[in-house]
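Per-entry structural report
One-letter residues, chain by chain:
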Amino acid sequence: MLRRLVLATLATTAAGATGLGPLPPLPLLSPPDTLTVTIAESGVPAADGTYELTCDDQAGGTHPAADDACERLEQLAKAGTNPFKAVPGDAFCTQVYGGPAVAHITGTWQGREIDARFSRVNGCEIDRWTNLQPVLPMLGR
């Protein structure tokens, strides 16, 4: 009988009948965002290369604009957009060539594994590149 009373009390407490409501979820500990950014054929020798970018309590790594890059990634996360998503195959894109620059970004962002490639071969890809500046370097159209 005592066991049933204890179990009933626990069930009532767990259900929030005591007026305290349900227990809040435990905060999830997520690792810092860590990306490897490789730029090639940009036409800007100082921009080409491979850089590490870590965004946690403070920006780090070898990325030349780490603070601004982490700030941009945080803005995109808050907006709920995924800047690493490829352009859909059926998208209508202007046939504007933005140059031979290419980029490859791998790592972890918002707890997701990233393996994204970028180019500037048409309007959609140029917009995608521009949206991710300064993670990717600013290049002329």
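Residues numbered from 1 in each chain as written. Predicted model: local features only at pLDDT ≥ 70, side-chain atom pairs only at ≥ 80, totals over all residues. Heavy atoms only, no water.

On to the state of the cysteines, then. As enumerated under the stated definition, the model contains 2 disulfides in all. Note on cysteine connectivity: Cys55 is disulfide-linked to Cys70, with sulfurs 1.9 Å apart. Residues Cys55 and Cys70 are joined through a disulfide that is left-handed, its torsion about the S-S bond being -85°. Of the two residues, Cys55 sits in strand β2 (residues 49-55) while Cys70 sits in helix α2 (residues 66-79), which places them 15 residues apart along the sequence. Side by side, Cys55 and Cys70 carry an identical accessibility label, which is buried. In this model, Cys93 is linked to Cys124 through a disulfide, with the two sulfur atoms separated by 2.0 Å. Measuring handedness by torsion sign, the sulfur bridge of Cys93 and Cys124 sits at about -100° and is left-handed. Taken as a pair, Cys93 in the loop between α2 and β4 (102-109) and Cys124 in helix α3 (residues 123-131) lie far apart in primary sequence, 31 residues in all. Judged by relative accessible area, Cys124 falls into the buried class, the value being 18%. Sequence-ordered numbering of the bonded cysteines in the protein gives a pairing of 1-2, 3-4. (Disulfide = S-S within 2.5 Å. Helix = DSSP H or I, 4+ residues; strand = E, 2+ residues; numbered from the N terminus. Buried < 20%, exposed > 50% of the residue type's maximum accessible area, 1.4 Å probe, protein only.)

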